[in-house]
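As a plain string of letters, each chain reads:
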Amino acid sequence: MKKTALITGASSGIGKEFAKIHAKTGGNLVIVARSKDKLLQLKEELEKEYGIHVSVIEKDLTEKNAAQEIYNFVKYSKIEIDYLINNAGFGGIGKFHERELKKDINMIQLNVVALTALTHVFLPDFVSRNSGRILNVSSTASLMAGPMQAVYFATKAYVTSFSNAIAEELADTNVTVTTLMPGATETDFGKTSGMDKTILFKNTADAKSVAKDGYDAMLNGDLDVISGVTFSQKVMMKAIPFTPKKVLLKQVKKMQNPDNN
């Protein structure tokens, strides 16, 4: 049986790679993003190469009723979603009090509210039929506080905590929730957030390999998967629980300050 995956933020970066990986398995897709032209181009490419069916939903997930509208479209189209991949998200660098509040509110709306709402509208169907996989894209940023990206780190901490909690709630079912925590990855994220000018983005991981790690972990029903981190970053992450918080905050702030690049 062909599995159908719904992927948000599918027009570029890790989301686009998720779509390619799933299409290669012969599965159908529902791809969601703001850029209709990019989605249609991806649809044409994947349908031609793999003989699958791709549905396109042009949607701004920062809009209040976006999740319900996506669910309604899927239901109306009589599409059964097997894999929900909540990938869409963005960040932004700078001191919180100097950033435009609207941008950070939209960040919370996309990274937290839309992900939560999409999970909520699709999860009852998964539980009802006792099958389904959810992959929520978080970040290694979720493991610490992030001076110079205070809101972004906080949203990803929410994603990891939320995903782990509902994974345990579903432990007696065949529905799983996996959290993907990438390090700095070569996508449009670096440019749009301004992180491409920082130390953290000097050595970025390949989006394809990060997506493959996440997709495989989702199929395995793993709880968490960390991908795309350097050896020094792995060491730092291992040391987080033993590092005084003020020391850790200063380290993170330094790495995220473009002036230190």
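Structure shown above.
Not measured: the values here are computed from a predicted model.

Quick look at the overall build of the protein chain
Assigned secondary structure in the protein chain consists of nine helices and seven strands. Over its C-alpha atoms the protein chain spans a radius of gyration of 18 Å, differing by no more than 12% from the 18 Å that the globule rule assigns to 261 residues. Projecting the C-alpha coordinates of the protein chain onto the three principal axes gives extents of approximately 50 × 40 × 35 Å. Sequence separation of 24 or more characterises 70% of the internal contacts of the protein chain that already satisfy a separation of 6 or more. For the protein chain, the exposed surface amounts to about 13100 Å²; the carbon and sulfur share of it is 53%.

Some remarks on the pattern of salt bridges
Across all of its chains, the model carries seven salt bridges by this definition. The partner of R129 in a salt bridge is D82, and the shortest N-O contact between them spans 3.9 Å. Of the two residues, R129 is situated in helix 4 (residues 101-129) and D82 in the loop between helix 3 (66-76) and strand 4 (83-86); the sequence distance between them amounts to 47 residues. Residue classification places D82 among the buried positions, given a relative accessible area of 10%. When the shortest N-O distance is used, the salt bridge between R99 and D104 registers 2.8 Å. Taking the relative accessible area as the measure of exposure, R99 reaches 18% and is therefore buried. Residue class for D104 comes out buried when judged on its relative accessible area of 3%.

Quick look at the nonpolar core
Of all hydrophobic cores here, the largest spans 30 residues; its most connected members are L6, L61, I70, I81, F122 and F126. Elements supplying a minimum of two residues to this core: strand 2 (28-33), helix 3, helix 4, helix 5 (150-169) and strand 6 (175-182). For this core, the leading source of residues is helix 4, giving eight residues. Not counting residues up to four positions away in its chain, the partners in contact with L61 are T8, A66, I70, A88, Q109, L110, A114 and L118. Core analysis: the second largest hydrophobic core is formed by 29 residues, I14, I21, L39 and V210 among them.

Quick notes on the rules
Throughout this document, residue positions are counted from 1 along each chain, in the order its sequence is written. Totals for whole chains, interfaces and linings use every residue, but because this is a predicted model, local features are given only for residues with pLDDT of at least 70 and side-chain atom pairs only at 80 or more, for both listing and counting. Based on all heavy atoms of the structure, the side-chain values leave hydrogens and waters out of the count. Secondary structure follows DSSP: runs of H or I at least 4 residues long count as helices, runs of E at least 2 residues long count as strands, and numbering of each begins at the N terminus. Based on C-alpha atoms, the radius of gyration is set beside the globule rule, defined as 2.2 Å times the residue count to the power 0.38. Contacts are assigned to residue pairs that have any heavy atoms within 4.5 Å of one another. The Shrake-Rupley method, run with a 1.4 Å probe, gives the accessible areas here. Residue values count only the displayed protein chains as cover. A pairing counts as a salt bridge when a side-chain nitrogen of Lys or Arg comes within 4 Å of a carboxyl oxygen of Asp or Glu. When a residue's accessible area, from a 1.4 Å probe over protein chains only, is under 20% of the maximum for its type it is buried; when over 50% it is exposed; and in between it is partly exposed. To qualify as a nonpolar core, a set must consist of buried Ala, Val, Leu, Ile, Met, Phe, Trp, Tyr and Cys residues joined through side-chain atoms within 4.5 Å.

Purely geometric stuff here, so don't read any function into it on its own.
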